[in-house]
Amino acid sequence: SMSAAGSVSILNVTQQFGGLVALEGVSIEIPAGRIHGVIGPNGAGKTTLVDAWCGFVPHDGRVEVAGRDVTGWRPHRRARAGLARTWQSVELIDDLTIAQNLSVAAPRASTDHIEATLKRVGLGGEGGSQPAMLSLGHRKLAGVARAVVADAAVVLLDEPAAGLDPAETTALADVVRSLADDGLGVVLIEHDTSLVFRLCARVMVLVGGRVLTVGAPDEVRDDPEVIAAYLGTQS
(Lines give C-alpha, C1' and ligand atoms only; values in the text may rest on other atoms or scores of the structure.)
Protein backbone atom coordinates (compact mmCIF):
# COMPACT_ATOMS: atom_id res chain seq x y z
CA SER A 1 0.00 0.00 0.00
CA MET A 2 3.06 2.26 0.07
CA SER A 3 3.52 1.96 -3.70
CA ALA A 4 1.96 5.38 -4.21
CA ALA A 5 4.37 7.06 -1.77
CA GLY A 6 5.86 10.25 -3.13
CA SER A 7 3.26 10.56 -5.87
CA VAL A 8 0.93 13.50 -6.34
CA SER A 9 -2.78 13.37 -7.00
CA ILE A 10 -4.22 16.26 -9.00
CA LEU A 11 -7.88 17.16 -8.76
CA ASN A 12 -8.85 19.93 -11.17
CA VAL A 13 -12.46 20.31 -12.25
CA THR A 14 -15.02 22.67 -13.72
CA GLN A 15 -18.60 21.47 -13.52
CA GLN A 16 -21.74 22.90 -15.12
CA PHE A 17 -25.44 22.35 -14.44
CA GLY A 18 -27.19 23.37 -17.64
CA GLY A 19 -25.90 26.88 -18.28
CA LEU A 20 -24.91 27.44 -14.64
CA VAL A 21 -21.33 26.94 -13.59
CA ALA A 22 -21.42 25.02 -10.30
CA LEU A 23 -17.62 24.76 -10.01
CA GLU A 24 -15.14 26.99 -11.74
CA GLY A 25 -11.63 25.60 -12.24
CA VAL A 26 -11.18 24.22 -8.75
CA SER A 27 -7.73 22.68 -8.60
CA ILE A 28 -5.81 20.95 -5.81
CA GLU A 29 -2.52 19.09 -5.83
CA ILE A 30 -2.26 16.55 -3.02
CA PRO A 31 1.19 15.09 -2.47
CA ALA A 32 1.26 11.73 -0.71
CA GLY A 33 1.17 12.32 3.03
CA ARG A 34 -0.44 15.77 2.91
CA ILE A 35 -3.78 16.79 4.46
CA HIS A 36 -5.52 19.45 2.38
CA GLY A 37 -8.58 21.20 3.81
CA VAL A 38 -11.58 22.56 1.93
CA ILE A 39 -13.93 24.92 3.77
CA GLY A 40 -16.75 27.22 2.72
CA PRO A 41 -20.37 28.09 3.38
CA ASN A 42 -23.31 25.85 2.49
CA GLY A 43 -23.90 25.94 -1.25
CA ALA A 44 -20.22 26.65 -1.97
CA GLY A 45 -20.00 23.46 -4.04
CA LYS A 46 -18.02 21.27 -1.64
CA THR A 47 -20.07 18.11 -2.14
CA THR A 48 -20.37 18.75 -5.89
CA LEU A 49 -16.59 18.88 -5.91
CA VAL A 50 -16.29 15.44 -4.29
CA ASP A 51 -18.89 14.05 -6.69
CA ALA A 52 -17.02 15.44 -9.69
CA TRP A 53 -13.61 14.24 -8.48
CA CYS A 54 -15.02 10.76 -7.88
CA GLY A 55 -16.76 10.63 -11.27
CA PHE A 56 -20.40 10.76 -10.10
CA VAL A 57 -21.10 13.93 -12.11
CA PRO A 58 -19.60 14.88 -15.48
CA HIS A 59 -16.94 17.59 -15.40
CA ASP A 60 -14.30 19.37 -17.42
CA GLY A 61 -10.67 19.42 -16.36
CA ARG A 62 -8.37 16.67 -15.23
CA VAL A 63 -8.26 14.20 -12.37
CA GLU A 64 -5.06 12.28 -11.68
CA VAL A 65 -4.62 9.77 -8.90
CA ALA A 66 -1.07 8.93 -7.88
CA GLY A 67 0.18 10.02 -11.29
CA ARG A 68 -2.50 8.14 -13.26
CA ASP A 69 -4.91 10.14 -15.41
CA VAL A 70 -8.42 8.94 -14.51
CA THR A 71 -10.32 11.74 -16.30
CA GLY A 72 -13.36 10.27 -18.01
CA TRP A 73 -13.30 7.14 -15.86
CA ARG A 74 -16.43 5.99 -14.07
CA PRO A 75 -16.57 6.02 -10.24
CA HIS A 76 -15.71 2.35 -9.63
CA ARG A 77 -12.63 2.57 -11.90
CA ARG A 78 -11.46 5.76 -10.16
CA ALA A 79 -11.92 4.00 -6.82
CA ARG A 80 -9.87 1.03 -8.03
CA ALA A 81 -7.15 3.46 -9.15
CA GLY A 82 -6.90 4.66 -5.55
CA LEU A 83 -9.40 7.54 -5.26
CA ALA A 84 -11.40 6.82 -2.10
CA ARG A 85 -14.18 8.81 -0.44
CA THR A 86 -16.45 8.81 2.57
CA TRP A 87 -20.06 9.97 2.54
CA GLN A 88 -21.77 12.54 4.78
CA SER A 89 -24.37 9.97 5.73
CA VAL A 90 -22.38 6.93 6.80
CA GLU A 91 -23.28 4.44 4.08
CA LEU A 92 -22.66 1.22 5.97
CA ILE A 93 -24.83 -1.81 5.24
CA ASP A 94 -26.77 -2.31 8.46
CA ASP A 95 -27.28 -6.07 8.37
CA LEU A 96 -23.60 -6.85 7.76
CA THR A 97 -20.85 -6.74 10.36
CA ILE A 98 -18.23 -3.99 10.15
CA ALA A 99 -15.70 -6.53 8.82
CA GLN A 100 -18.19 -7.65 6.15
CA ASN A 101 -18.80 -4.00 5.19
CA LEU A 102 -15.05 -3.69 4.57
CA SER A 103 -14.89 -6.91 2.57
CA VAL A 104 -17.70 -5.65 0.30
CA ALA A 105 -15.45 -2.65 -0.44
CA ALA A 106 -12.37 -4.86 -0.91
CA PRO A 107 -13.53 -8.36 -1.93
CA ARG A 108 -9.97 -9.67 -2.29
CA ALA A 109 -8.79 -8.37 1.08
CA SER A 110 -7.71 -11.00 3.60
CA THR A 111 -9.24 -11.20 7.08
CA ASP A 112 -5.89 -10.02 8.45
CA HIS A 113 -5.84 -6.97 6.18
CA ILE A 114 -9.40 -6.08 7.19
CA GLU A 115 -8.54 -6.35 10.88
CA ALA A 116 -5.35 -4.29 10.35
CA THR A 117 -7.40 -1.60 8.59
CA LEU A 118 -9.88 -1.52 11.48
CA LYS A 119 -6.94 -1.19 13.88
CA ARG A 120 -5.63 1.76 11.83
CA VAL A 121 -8.82 3.68 12.60
CA GLY A 122 -9.02 2.63 16.26
CA LEU A 123 -11.66 -0.07 15.74
CA GLY A 124 -9.53 -3.16 16.38
CA GLY A 125 -11.75 -5.92 17.73
CA GLU A 126 -14.97 -4.31 16.42
CA GLY A 127 -15.04 -6.27 13.15
CA GLY A 128 -17.81 -8.56 14.40
CA SER A 129 -20.09 -5.70 15.49
CA GLN A 130 -22.97 -4.47 13.38
CA PRO A 131 -23.19 -0.74 12.58
CA ALA A 132 -26.17 -0.18 14.88
CA MET A 133 -24.08 -1.37 17.85
CA LEU A 134 -21.51 1.40 17.33
CA SER A 135 -21.61 5.07 18.34
CA LEU A 136 -21.87 7.65 15.55
CA GLY A 137 -18.16 8.41 16.03
CA HIS A 138 -17.24 4.77 15.54
CA ARG A 139 -19.57 4.42 12.55
CA LYS A 140 -17.79 7.39 10.94
CA LEU A 141 -14.42 5.73 11.62
CA ALA A 142 -15.76 2.49 10.11
CA GLY A 143 -16.71 4.54 7.04
CA VAL A 144 -13.13 5.84 6.84
CA ALA A 145 -11.82 2.26 7.19
CA ARG A 146 -14.13 1.10 4.42
CA ALA A 147 -12.89 3.94 2.18
CA VAL A 148 -9.19 3.11 2.63
CA VAL A 149 -9.30 -0.70 2.90
CA ALA A 150 -8.61 -1.21 -0.82
CA ASP A 151 -5.22 0.54 -1.13
CA ALA A 152 -6.32 4.13 -1.49
CA ALA A 153 -3.77 6.69 -2.70
CA VAL A 154 -5.93 9.69 -1.83
CA VAL A 155 -9.06 9.81 0.33
CA LEU A 156 -11.73 12.53 0.23
CA LEU A 157 -13.39 12.91 3.63
CA ASP A 158 -16.78 14.61 3.20
CA GLU A 159 -17.82 16.29 6.48
CA PRO A 160 -16.47 13.46 8.67
CA ALA A 161 -16.82 15.41 11.95
CA ALA A 162 -20.51 16.30 11.48
CA GLY A 163 -22.47 15.25 14.57
CA LEU A 164 -19.41 14.17 16.55
CA ASP A 165 -18.71 15.28 20.12
CA PRO A 166 -15.27 16.72 21.05
CA ALA A 167 -13.81 13.36 22.13
CA GLU A 168 -15.00 11.67 18.92
CA THR A 169 -13.62 14.57 16.88
CA THR A 170 -10.22 14.18 18.56
CA ALA A 171 -10.24 10.43 17.76
CA LEU A 172 -11.11 11.23 14.16
CA ALA A 173 -8.31 13.83 13.96
CA ASP A 174 -5.80 11.24 15.19
CA VAL A 175 -6.93 8.79 12.51
CA VAL A 176 -6.74 11.39 9.73
CA ARG A 177 -3.24 12.37 10.84
CA SER A 178 -2.10 8.73 10.93
CA LEU A 179 -3.47 8.08 7.41
CA ALA A 180 -1.34 10.97 6.15
CA ASP A 181 1.63 9.66 8.13
CA ASP A 182 1.14 6.33 6.31
CA GLY A 183 1.50 8.15 2.97
CA LEU A 184 -2.09 8.78 1.93
CA GLY A 185 -3.09 12.10 0.44
CA VAL A 186 -6.12 13.40 2.36
CA VAL A 187 -8.69 16.00 1.37
CA LEU A 188 -10.71 17.09 4.40
CA ILE A 189 -13.98 18.84 3.50
CA GLU A 190 -15.39 20.09 6.75
CA HIS A 191 -17.57 22.67 8.51
CA ASP A 192 -15.51 22.39 11.68
CA THR A 193 -12.92 25.00 10.71
CA SER A 194 -10.93 24.62 13.93
CA LEU A 195 -10.37 20.95 13.01
CA VAL A 196 -9.28 21.94 9.50
CA PHE A 197 -6.88 24.65 10.72
CA ARG A 198 -5.43 22.21 13.27
CA LEU A 199 -4.90 19.30 10.86
CA CYS A 200 -4.25 20.67 7.41
CA ALA A 201 -1.03 21.82 5.77
CA ARG A 202 -3.03 23.76 3.16
CA VAL A 203 -6.56 25.13 3.28
CA MET A 204 -8.76 26.08 0.33
CA VAL A 205 -11.79 28.32 0.78
CA LEU A 206 -14.60 27.66 -1.69
CA VAL A 207 -17.36 30.24 -2.15
CA GLY A 208 -19.97 30.00 -4.88
CA GLY A 209 -18.12 27.25 -6.71
CA ARG A 210 -14.92 29.27 -6.99
CA VAL A 211 -11.68 29.22 -5.04
CA LEU A 212 -11.55 32.35 -2.89
CA THR A 213 -8.06 31.54 -1.62
CA VAL A 214 -5.64 28.72 -0.85
CA GLY A 215 -2.85 28.90 1.68
CA ALA A 216 -1.35 27.86 4.97
CA PRO A 217 -3.91 27.69 7.84
CA ASP A 218 -2.65 30.91 9.49
CA GLU A 219 -2.83 32.93 6.28
CA VAL A 220 -6.33 31.70 5.50
CA ARG A 221 -7.60 32.22 9.04
CA ASP A 222 -6.44 35.85 9.06
CA ASP A 223 -7.46 36.72 5.49
CA PRO A 224 -9.99 39.61 5.65
CA GLU A 225 -11.78 38.32 2.53
CA VAL A 226 -12.21 34.88 4.07
CA ILE A 227 -13.45 36.37 7.35
CA ALA A 228 -15.94 38.51 5.44
CA ALA A 229 -17.14 35.71 3.16
CA TYR A 230 -17.21 32.83 5.59
CA LEU A 231 -15.48 32.79 8.94
CA GLY A 232 -17.26 35.93 10.13
CA THR A 233 -20.62 34.20 9.70
CA GLN A 234 -19.70 31.32 12.02
CA SER A 235 -20.88 31.20 15.59
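Before going into details, it helps to say that this report is about the structure given with it.

A look at the overall build of the protein
Thought 1: Summing up its helical and strand segments, the protein has nine helices and ten strands in all.
Thought 2: Once the C-alpha set of the protein is aligned to its principal axes, its extents read approximately 50 × 40 × 35 Å.
Thought 3: Looking at the protein as a whole, 49% of its 235 residues qualify as buried.
Thought 4: Long-range contacts, defined here as pairs at least 24 residues apart, represent 65% of the contacts in the protein between residues at least 6 apart.
Thought 5: Approximately 10500 Å² of the protein is accessible, and the part contributed by carbon and sulfur atoms is 50%.
Thought 6: Each charge class in the protein was averaged separately, 20 positive and 27 negative side chains, and the resulting centres sit 6 Å apart.

Thoughts on the layout of surface pockets
Thought 1: Of the volumes computed, that of the largest pocket is approximately 780 Å³.
Thought 2: Around the largest pocket sit 29 residues that line it, and Ala79, Arg80, Ala105, Arg146 and Ala150 are the ones nearest its centre.
Thought 3: Listing elements by their share of the lining of the largest pocket, those giving two or more residues are helix 2 (75–80), strand 6 (83–85), helix 3 (98–105) and helix 5 (136–148).
Thought 4: No other element matches the five residues that helix 2 contributes to the lining of the largest pocket.
Thought 5: Residues of the lining of the largest pocket, tallied by class, amount to 17 nonpolar, six polar and six charged.

What about the pairing of strand 4 (residues 60–65)?
Thought 1: Sheet analysis places strand 1 (residues 8–17) next to strand 4, joined by five bridges and oriented antiparallel. Its bridge partner lying in strand 4, Thr14 is registered against Asp60.
Thought 2: Examined bridge by bridge, strand 4 and strand 5 (residues 68–69) share two bridges and lie antiparallel to one another. Of the residues in strand 5, the one forming a bridge with Glu64 is Asp69.
Thought 3: Between strand 4 and strand 5, which pair antiparallel and follow one another directly, the connecting turn spans two residues, one of which, Ala66, has a positive phi of 50°.

Side note on the pairing of strand 1
Thought 1: As defined by bridge partners, strand 1 adjoins strand 2 (residues 20–31) across nine bridges and the pair is classed as antiparallel. Counterpart to Phe17 in the pairing with strand 2 is Leu20.

Some points on the packing of helix 3 against helix 5
Thought 1: It is at 8 Å that the axes of helix 3 and helix 5 come closest, and there the two elements cross at 30°. Judged by the angle between their axes, helix 3 and helix 5 are roughly parallel. When you trace helix 3 past helix 5, the crossing you get is right-handed. On helix 5, the residues touching Ile98, Asn101, Leu102 and Ala105 of helix 3 are Ala142, Ala145 and Arg146.
Thought 2: For the contact of helix 3 with helix 5, the residue count by class is five nonpolar, one polar and one charged.

Here we look at the pattern of salt bridges
When charged atoms on two side chains of opposite charge get close, those side chains can pair.
Thought 1: Per the stated rule, a full pass over the model turns up eight salt bridges.
Thought 2: One salt bridge in this structure joins Asp182 and Arg120, with 3.2 Å as the shortest N-O distance. Remark: Arg120 occurs in helix 4 (residues 111–120) and Asp182 occurs in the loop between helix 6 (166–181) and strand 8 (185–189); sequence separation between them is 62 residues.
Thought 3: For Arg120, a relative accessible area of 26% gives the class partly exposed.
Thought 4: For Asp174, the salt bridge goes to Arg177, with nearest N and O atoms at 3.6 Å. Placement of the pair is Asp174 and Arg177 together in helix 6, with a separation of three residues, close to one helical turn.
Thought 5: Residue Arg177 is classed as partly exposed on the basis of its relative accessible area, which comes to 35%.
Thought 6: Residues joined by salt bridges that share partners form a network here, namely Asp51, Arg85 and Asp158.

Notes on the environment of Ala150
Thought 1: Counting through the fold element by element, Ala150 comes out in the loop between helix 5 and strand 7 (154–158).
Thought 2: Remark: the alpha-carbon pair of Ala150 and Arg80, spanning 70 residues in sequence, is separated by 7.7 Å.
Thought 3: If near-sequence neighbours (up to four positions away) are discounted, Ala150 is found in contact with Ala105 and Ala106.

Section: the packing of helix 3 against helix 4
Thought 1: Between helix 3 and helix 4, whose axes approach to 10 Å, the crossing angle comes to 110°. Relative to helix 4, the element helix 3 is oriented roughly perpendicular. Two packed elements cross with a definite hand, and for helix 3 against helix 4 that hand is right-handed. Between helix 3 and helix 4, the contacting residues are Ile98, Ala99, Leu102 and Ser103 on the first element and Ile114, Thr117 and Leu118 on the second.
Thought 2: Split by residue class, the contact of helix 3 with helix 4 holds five nonpolar, two polar and no charged.

What counts, and at which threshold
- Residues numbered from 1 in each chain as written.
- Predicted model: local features only at pLDDT ≥ 70, side-chain atom pairs only at ≥ 80, totals over all residues.
- Heavy atoms only, no water.
- Helix = DSSP H or I, 4+ residues; strand = E, 2+ residues; numbered from the N terminus.
- Buried < 20%, exposed > 50% of the residue type's maximum accessible area, 1.4 Å probe, protein only.
- Contact = heavy atoms within 4.5 Å.
- Areas by Shrake-Rupley, 256 points an atom, 1.4 Å probe, with all protein chains shown as cover.
- Lys, Arg positive; Asp, Glu negative; His and termini not counted.
- Charge placed at Lys NZ, Arg CZ, Asp CG, Glu CD.
- 1 Å grid on protein atoms, 1.4 Å probe; cavity = no way out; pocket = protein on both sides within 12 Å on 5 of 7 lines; lining within 4 Å.
- Points joined across faces, edges and corners; volume = space filled by probe spheres on them.
- Nonpolar A, V, L, I, M, F, W, Y, C, P; charged D, E, K, R; others polar.
- Pairing = 2+ DSSP bridges.
- Axes fitted to C-alpha atoms, helices over the stretch in contact; angles between N-to-C directions.
- Parallel < 35°, antiparallel > 145°, perpendicular 65-115°, else oblique.
- Left-handed = near helix turned anticlockwise from the far one by under 90°.
- Salt bridge = Lys/Arg side-chain N within 4 Å of Asp/Glu carboxyl O.

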